[in-house]
Amino acid sequence: MSGMVEKRGRALWLSHAVLILGVAMICFPIWLAFVASTVSQPEIARPPMPLWPGDQLVENYRKALFAGINAPVSVMLLNSLVMAIGIAIGKIVISLLSAFAIVYFRFPFRMAFFWLIFLTLMLPVEVRIVPTYEVVAGLGLLNSYSGLIFPLIASATATFLFRQFFLTVPDELAEAARIDGASAMRFFRDILLPMSRTNIAALFVILFIYGWNQYLWPLLITTDPSMNTVVMGIKQMFPSGDDIADWPVIMATSILAMLPPVAVVIGMQKLFVRGLLESEK
Amino acid sequence: MKWRCPGPSAGTPTVAPSGVYMEKRVIFRGKLLPLALVFPQVLITAVFFFWPAGQAIWQSLFIPDPFGLSSQFVGLDNFRYLLSDPYYRNSFVTTAIFSLSVTFLSMGIALLLAILADRLIKSSGTYRTLLIWPYAVAPAVAGVLWMFMFNTRVGIVSWYLGKLGYDWNHVLNGGEAMGLVVVASAWGRISYNFLFFLAGLQAIPRSVIEAAAIDGAHFWTRFRTIVFPLLSPITFFLLVVNVIYAFFETFGVIHTITAGGPQQSTTILVYKVYADGFVGQDLGSSAAQSVILLVLVGILTVIQFKFIERKVHY
């Protein structure tokens, strides 16, 4: 295993040292946030703040989860969960269906639809916020889960991934299904879906993180604090004017806001890496 | 198996360079069923993408009266006004500085860490686990974390800087504000770039590098003449993707740390669309900015696909 380019001795330790330094620098902001979420407000208000956790952890997290500042963080976490899962499942379902239609059928305007979907790649929500906001407001979807989810579930990326995958599925399978008299939907359900299982799971991980981390869209359309998502809700917890912010509670909320997506990345690392490398390439 | 987005020639019944048929030979019959299958996606795309994009183009040609009751057709006046507005032109410069800094900072650190991790074959997996999870931290949360560290009143870094005699104040100092949003935006991006660089490095056959080592090439020579050229497709890909990220996905960082200030010194284009449209209520100008951004995204996407096509020909 150890070839000629495998480093030994001092160079090896230097590599480890630089990497550990890199990891430490990358983790430092999060460590600091965690420490801040375990101490009391006066300890932070008099800098420098401690670098080791205090004894207020339970107190701060209880306050954040059940009282919060504008709305309890538990409510915001639930909103984020609904939004993230809604976006992930929504994108996967509509993309699976349209990719199936485009690959396995010939129908009028097929290429027109294909290009229609393709063009959405060029329209991130940040670019068209004002008119999209007006459309959603016009549909009466402000402060609703539908308003949070639907404008974000149309995506060309997922459709292309499934299209590319379906194209690699051997023709013999569809041929056999046809000879056996199976309907198209039967083939889709019994053969194509089970074969796409890993791809669906990998995509779900990526899309869950994408949905959970949305900021601008929930900021615009949820004016009611009880509909806020946790990622956008943090900024709303800062007082306007000169009052000092309730840092322990805000930092506890930040930790809670990053916990689910980080858990997904670490817990499903293999799927995550696969999803990321393959969805972007 | 690689998933790739098709280039502009996709869909025509040709054989892709890899030998994979771009079209199925076995298909199912029926016209209504496939239409029903594409319907949900087409409906959502039409309602939430094309309708608003059309609205943006339409609104960019009008100026609403002060009461919002009617609007007057002004042709390209909104664009003309925008392009002569020093604040808007400045926002282009700000965006360029910001996105290039974020891209080079995060890619540089990621490449260094990936090269080191790649050499430590046995523990590269451990370092990968330790380095990839910040990807999951939302830009807005990253913004809050960095704003906390550099907070002028309680921030620990700004406090120590003060002890060293440096008076940090990103609320008043535009340069410091820019530095802070760049670092906060690059921070979460290191994971992503690291993952791609590491995958790219691990795809280079060991034998090639060992052959060079036998020929007496030192590490730096090997890197310059073999590794980096082989990495260049991934580097170019990351360059484009990171610029797109810095353009469009860093809104959360800017909104939480500086809100575009001080004196618009961190107002990137996407932030200005928001600030003028929602805070300033200048809908005509905001719509014109949206249209300009649409063109920019279009150009970036075309570059991205040109690159993917080129990669297919390798």
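Look a little higher up for the structure.
Draft legend 1. Just the packing of helix α3 (residues 57–66) of chain A against helix α14 (residues 247–267) of chain A, in detail. All names here are of chain A. As a packed pair, α3 and α14 sit with axes 9 Å apart at the nearest point and diverge in direction by 75°. As judged from the angle between their axes, α3 and α14 are roughly perpendicular. Residue-level contacts link N60, Y61, K63 and A64 of α3 to P248, V249, A252, T253 and L256 of α14. For the contact of α3 with α14, the residue count by class is 6 nonpolar, 2 polar and 1 charged.

Draft legend 2. Broad picture of the interface of chain A and chain B. Contact with chain A, which involves 98 residues of that partner, is made by 95 residues of chain B. When residues in the side of chain A that touches chain B are grouped by element, the largest group, 12 residues, is from helix α1 (residues 9–36) of chain A. Here the side of chain A that touches chain B is built from residues that sort into 71 nonpolar, 15 polar and 12 charged.

Draft legend 3. Summary view of the packing of helix α3 (residues 86–119) of chain B against helix α7 (residues 174–202) of chain B. Residue and element names in this part refer to chain B. Here α3 crosses α7 at 40°, and the two axes come no closer than 6 Å. Between α3 and α7, the angle is such that the two are oblique. Relative to α7, the crossing made by α3 is right-handed. Residue composition of the contact of α3 with α7, by class: 21 nonpolar, 5 polar and 2 charged.

Draft legend 4. Structural view of the environment of L167 of chain A. Residue position: L167 of chain A is located in helix α8 (residues 156–168). For the pair L167 of chain A and F118 of chain A, spaced 49 residues apart in sequence, the C-alpha to C-alpha distance is 17 Å.

Draft legend 5. Spatial organisation of unusual backbone geometry. Backbone torsion omega between P47 of chain A and P48 of chain A reads 0°, so that peptide bond is classified as cis. Relative to the elements of secondary structure, P48 of chain A occurs in the loop between α2 (41–45) and α3. G261 of chain B connects to P262 of chain B through a cis peptide bond whose omega is -10°. With respect to the helices, strands and loops of the structure, P262 of chain B is situated in the loop between α10 (251–257) and α11 (269–279). One non-glycine residue with positive phi stands out, namely Q263 of chain B, at about 50°.

Draft legend 6. How the structure looks around the nonpolar core. Core analysis: the largest hydrophobic core is formed by 170 residues, its most contacted members being A36, F100 and V231 of chain A together with V141 and F194 of chain B. Take this core: its biggest share by element is 17 residues, from helix α4 (residues 73–104) of chain A. Among all residues touching F100 of chain A, those that are not within four sequence positions of it are F166, F188 and L192 of chain A together with L37 of chain B.

Cut-offs and rules
Residues numbered from 1 in each chain as written. Chains lettered and ligands numbered in written order. Predicted model: local features only at pLDDT ≥ 70, side-chain atom pairs only at ≥ 80, totals over all residues. Axes fitted to C-alpha atoms, helices over the stretch in contact; angles between N-to-C directions. Helix = DSSP H or I, 4+ residues; strand = E, 2+ residues; numbered from the N terminus. Parallel < 35°, antiparallel > 145°, perpendicular 65-115°, else oblique. Contact = placed C-beta atoms within 7 Å. Nonpolar A, V, L, I, M, F, W, Y, C, P; charged D, E, K, R; others polar. Left-handed = near helix turned anticlockwise from the far one by under 90°. Core = buried A, V, L, I, M, F, W, Y, C linked by C-beta atoms within 7 Å. Buried ≥ 20, exposed ≤ 12 C-beta atoms within 10 Å, placed from the backbone.

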